[in-house]
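Below, each chain spelled out in residue letters.
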Amino acid sequence: MKLKLKVWRQEDAQDKGGFQNYDVDGIDGDMSFLEMMDVLNNNLVNEGIDPVEFDHDCREGICGSCSLQINGEPHGPDRRITTCQLHMRKFKDGDEIVIEPFRATAFPVIKDLVIDRSAFDRIQHAGGYISVNTSGNTQDANSIPIEKQDADDSFYAATCIGCGACVAACKNASAMLFTSAKVSQFALLPQGEVEAHERVINMVNQMDAEGFGNCTNTGACYVECPKGISLENIARLNREYLSASVFS
Amino acid sequence: MSVLESKIPEGPIEKKWTKHKNEINLVNPANKRNIDIIVVGTGLAGGSAAATLAELGYNVKTFCYQDSPRRAHSIAAQGGINASKNYQGDGDSDYRLFYDTVKGGDYRSREANVYRLAEVSSNIIDQCVAQGVPFAREYGGLLDNRSFGGVLVSRTFYAKGQTGQQLLLGAYSAMNRQINRGKIQSFNRHEMMDLVLVDGKARGIIARDLVTGEIERHSAHAVVLASGGYGNVFYLSTNAMGSNVMAAWRAHKKGAFFANPCFTQIHPTCIPVSGELQSKLTLMSESLRNDGRIWVPKHKKDAEAIREGKLKPTEIAEEDRDYYLERRYPAFGNLVPRDVASRAAKERCDAGYGVNKTGQAVYLDFKAAIERYGKEKAFTSGHKNPIKEEIIKLGEEAVEAKYGNLFEMYEKITDQNPYKTPMMIFPAVHYTMGGLWVDYNLMTTIPGCYAAGEANFSDHGANRLGASALMQGLADGYFVLPYTIGDYLAADIRTGAISTESEEFETAEKEVKDRIQRLYNTNGKNPVDYYHKKLGKIMWDKCGMSRNEKELKEAMEEIKALREDFWENVRVTGKAETKNAELEKAGRVADFLELGELFAKDALERNESCGGHFREEYQTEDGEALRDDENFRFVSAWEYVGNPRDAKLHKEQLEFENIELKTRSYK
């Protein structure tokens, strides 16, 4: 199929940036969206034009590198997948596709479609861990039985890949779904209890300091999240935060 | 005499590691504060090493090309991690894990290293649980296990189909704790461009900031390379797009020997190639072979009808299917090791029984598992005479609970529903057992330069067993390197900070800049991918699942010619002073074009078949690998002397004192 692409080009963080139009041909339904971008870039290189920069790595939906706002939606029109798992069979011949970076003050553009998501890392530096030495001199793994439901819920929270789609989907550019997933993973486990209060306060403070917006419970984050991280995590974060504020 | 000193401690194998730990030098806590360590790569090996070294008190700098350490490709590991916990009481032990790993590696790994790996494996699980890694659990609250290829016990711990992400997030969280303490400085979106040696010792690296393009100097008292494997030399592989050999290859060119480059793992269960413009292959976890049965049609005419789209797999009667793994290997069946399963798939497809359009695919079928689970579920919930629809419904639910995310991924990629029709799979490049040669302390042949995880060669021999890569990465990073590196650094407590203003740093920086400039000073005809794809095709066709003398010689010539063409005609767009993905790729492909030639040479000189290295000239009558222990029971460690083809071979003889050398059989 033939497609008309409208792609955001921006030299660096200082540049104002703008859309450029490109046509691509010979796109097959079994190709992934990023393979379509490869075709575009190969054409551009052959014409001597700088190719479009975009983040990507594992191309199997788990590293969280790829992003892209495609026709106004983070990771495009399909649900519960990242852009690398979006396949061109979701589009039809002659379609116009608008491709932009994820937009948020806390995610400045580095170049073209590449954004800086280090704010997510800093939220985790602030408390995304259990303070246990890595010496291996811990107790036997099975000496801490954990109810299957709690272990599963903790796992589901931990499936967050840190891609930032939740922030891009939110009209306030809030990072509550991300932060709550990270807080929940530990809050649901007995190992995380000791530092629970400190953790939630520090991570929320860092989230605010990074310039993310407030959560107004619209739930767009959940809709666009490639891993389907549940809104219950946000409720849990609020409970944890309240309890930490009252008792510490 | 060989220059290779493996430094294996004396004594009985089960005492070696403890004895070694008791005897090596330590650095006192106050002195650790004056010592800097660079860790390149932040996957399971690098991330866990960085966190532990920082916790011990060293000043650590980490480098990764991704935008966050959490995105290193360990994240994509699906199935699980082995440990000899014997929680299932099915006869597992350190010895058995050791034995399975050595046998699985076709007796080409170093006994002492593998035993140590088995010995610390249990600790890894304890450590990860303490860190809050949410492993799968049973209803009683205890940890669940499953089974992987090449073993007869259930020793694999897992977190659904994303064990790699959960373990990496564990290591990353340990890193975060140290970053928050200021003990780790993490340099993300940075690539190591060269290793810097001062007085013959590794004392730092030259790195490129991938955002600004700036070339930076970083010094340290020791450098740890945990930069992963080189599977992307094949272009199409299950590796991440950015996975590359640059760090290891730069070290090789500075004096680190490269061991067994031809030992590459072709994983049997990947989604088949669908088109010319495909950029990457996707793995379907080996755990699926616990429940999936692999087959092709028994009759050629059925295979042909399927390829032409005239027949569906579900229409083929049970007696007309050839479950070839169960037929050839009754003892291990669908759970034979990866090299065996891959070759068997290739054998059937080459014989004309392949099932997709290209004839390069076999079926992985869950029908039997769905029925088995469905019946069990119905029975335990009181329905002693369930109808067929109920069985299928319950069975599909049970399979979804186990493998849901993998099935979903398969459906997104292929547009087929694997609950209703069998999956199609084919082998693909997945892991490299070869890597930088290291001694028992994980030090390369360059003093102060260490290699951990997939980047080294030591534990998996000629074939890695499933769920052992995660185990080795974390064993090296959490429990081995932090001890052994102290033995070396104990001599450095009075050295003081290493200056980056020396002539050595100056020269290394200049070399890096010149090399980048050379990439721009070409005729600019062909994009980087043009060369990478060509190289990949040569590697797959001539150095892939089966190899022979004639084609390996051709491969060496073709790669050399392609490399020369690359340096004359590659086209790198954009500027070196900004974010530039084309330039990044060009540097990586340039190294693959050298490694590929050494790979072919190594395969050519190893006149035997073992594990993932199958030479057509050396096989048994029924097509199994034919090892030659008398002449090839050694590690090939290559020294760089100019051109890859001129590399000098050093042999480390492998001694097997605890395991009898036998023909590997899974029949």
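Residues numbered from 1 in each chain as written. Chains lettered and ligands numbered in written order. Predicted model: local features only at pLDDT ≥ 70, side-chain atom pairs only at ≥ 80, totals over all residues. Heavy atoms only, no water.

K.L.:
Residue-level account of the environment of F98(B), with values.
P.N.:
Residue and element names in this part refer to chain B. Checked against the element boundaries, F98 lands in helix α4 (residues 94-104). Residue F98 is classed as buried on the basis of its relative accessible area, which comes to 0%. The sequence separation of F98 and L604 amounts to 506 residues, and the corresponding C-alpha distance is 29 Å. If we skip the residues at most four places from it in the chain, F98 touches I13, E111, V114, Y115, A118, N658 and I659. (Helix = DSSP H or I, 4+ residues; strand = E, 2+ residues; numbered from the N terminus. Buried < 20%, exposed > 50% of the residue type's maximum accessible area, 1.4 Å probe, protein only. Contact = heavy atoms within 4.5 Å.)

K.L.:
Can you lay out the sheet that holds strand β5 (residues 96-100) of chain A for me, pointing to particular residues and giving the numbers?
P.N.:
All names here are of chain A. The 5 strands are arranged β2-β1-β5-β3-β4 in an open sheet whose pairing can be described as mixed. The open sheet has two edge strands, β2 (18-24) and β4 (73-74), and neither has a second partner. Pairing geometry for strand β3 (residues 69-70) and β5, over 2 bridges, is antiparallel. Bridge pairing in β5 places Q69 opposite E100. (Pairing = 2+ DSSP bridges.)

K.L.:
So what's going on with the sheet that holds strand β13 (residues 321-322) of chain B? Residues and values would help.
P.N.:
Strands in a sheet are paired, the pairing made by backbone hydrogen bonds, and the direction either parallel or antiparallel. Residues and elements named next belong to chain B. Strands sit in the order β11-β15-β14-β12-β13 across an open sheet of 5 strands; the sheet is antiparallel. Of all strands in the sheet, those bounded by a partner on one side alone are β11 (264-270) and β13. Here 5 bridges tie β11 to strand β15 (residues 423-432), and the two strands are oriented antiparallel to one another. Counted as the bridge partner of Q265 is Y431 from β15.

K.L.:
Give me the lowdown on the domain arrangement of chain B, citing residues and values where you can.
P.N.:
All names here are of chain B. Partitioning chain B into structural domains gives domain 1 (269-429) and domain 2 (502-634). On the domain 2 side, the residues contacting the 11 residues of domain 1 number 10 residues. On the domain 1 side of the contact with domain 2, D339, R343 and K346 bury the most area, a combined 52% of that side's loss. Taken together, the connections running from domain 1 to domain 2 amount to 1 salt bridge. Put simply, E624 and R328 hold a salt bridge, and the shortest N to O gap is 3.2 Å. In this assembly, domain 1 and domain 2 are joined by 3 residue pairs in polar contact (both at pLDDT 80 or more). Listed by contribution, the elements that provide at least two residues to the side of domain 1 that touches domain 2 are α10 (338-353) and β15. (Domains from an automatic or database assignment. Buried area = accessible area lost by both parts, 1.4 Å probe. Salt bridge = Lys/Arg side-chain N within 4 Å of Asp/Glu carboxyl O. Polar contact = N/O pair within 3.5 Å; in protein donor to acceptor, adjacent residues only side chain to side chain.)

K.L.:
Describe the side chain of K85(B), listing the residues and the values that go with them.
P.N.:
With respect to the helices and strands, K85(B) occurs in the loop between β3 (81-82) and α4. A polar contact of 2.5 Å, which involves the side chain of K85(B), links it to the side chain of D126(B). Contact partners of K85(B), with chain neighbours within four places excluded, come to D140(A), A141(A), S122(B), I125(B), D126(B) and F157(B).

K.L.:
Describe in detail the interface of chain B and chain A, supporting the description with residues and values.
P.N.:
With 79 residues of chain B in contact, the opposing surface of chain A contributes 73 residues. Summed over both partners, the interface of chain B with chain A buries about 6,200 Å², with 50% contributed by carbon and sulfur atoms. Across the contact surface, chain B and chain A share 7 salt bridges. The dominant element in the side of chain B that touches chain A, judged by the number of residues it contributes, is helix α6 (residues 163-180) of chain B, at 10 residues. In the side of chain B that touches chain A, the residues fall into 30 nonpolar, 30 polar and 19 charged. (Nonpolar A, V, L, I, M, F, W, Y, C, P; charged D, E, K, R; others polar.)

K.L.:
Quick one: what's the story with the nonpolar core, residue by residue and with numbers?
P.N.:
In this structure, F212(A), I81(B), F135(B) and F566(B) are the most contacted members of the largest nonpolar core, which totals 235 residues. With 12 residues, helix α17 (residues 581-605) of chain B is the largest single contributor of residues to this core. Excluding its chain neighbours within four sequence positions, the residues that come into contact with F212(A) are A106(A), F107(A), A119(A), F120(A), I123(A), V167(A), A173(A), S174(A), A175(A) and M207(A). Within the second largest apolar cluster, 28 residues are counted, among which are V7(A), M36(A), V39(A) and L113(A). (Core = buried A, V, L, I, M, F, W, Y, C linked by side-chain atoms within 4.5 Å.)

K.L.:
Can you explain the pairing of strand β1 (residues 3-9) of chain A? Please cite residues and give values.
P.N.:
Residues and elements named next belong to chain A. Across the 7 residues of β1, 5 count as buried, placing the element largely inside the fold. Bridge analysis of β1 against β2 gives 7 bridges, and the strand direction is antiparallel. Looking at β2, one finds that V7 is bridged to Q20. By the bridge criterion, 4 bridges tie β1 to β5 in an arrangement that is parallel.

K.L.:
Which residues make up empty space enclosed by the protein, and what values go with them?
P.N.:
Any empty space left between the atoms is revealed when a probe the size of a water molecule rolls over them. All names here are of chain B. For the structure on display, the rule yields 12 cavities of 30 Å³ or more. As for the largest cavity, its lining consists of 50 residues, of which H73, S74, G228, G229 and E454 are closest to the centre. Among the secondary structure elements, those contributing two or more residues to the lining of the largest cavity are α3 (44-56), β6 (190-198), α7 (246-253), β15 and α13 (469-489). In terms of residue count, α13 provides more of the lining of the largest cavity than any other element does, 4 residues in total. (1 Å grid on protein atoms, 1.4 Å probe; cavity = no way out; pocket = protein on both sides within 12 Å on 5 of 7 lines; lining within 4 Å. Points joined across faces, edges and corners; volume = space filled by probe spheres on them.)

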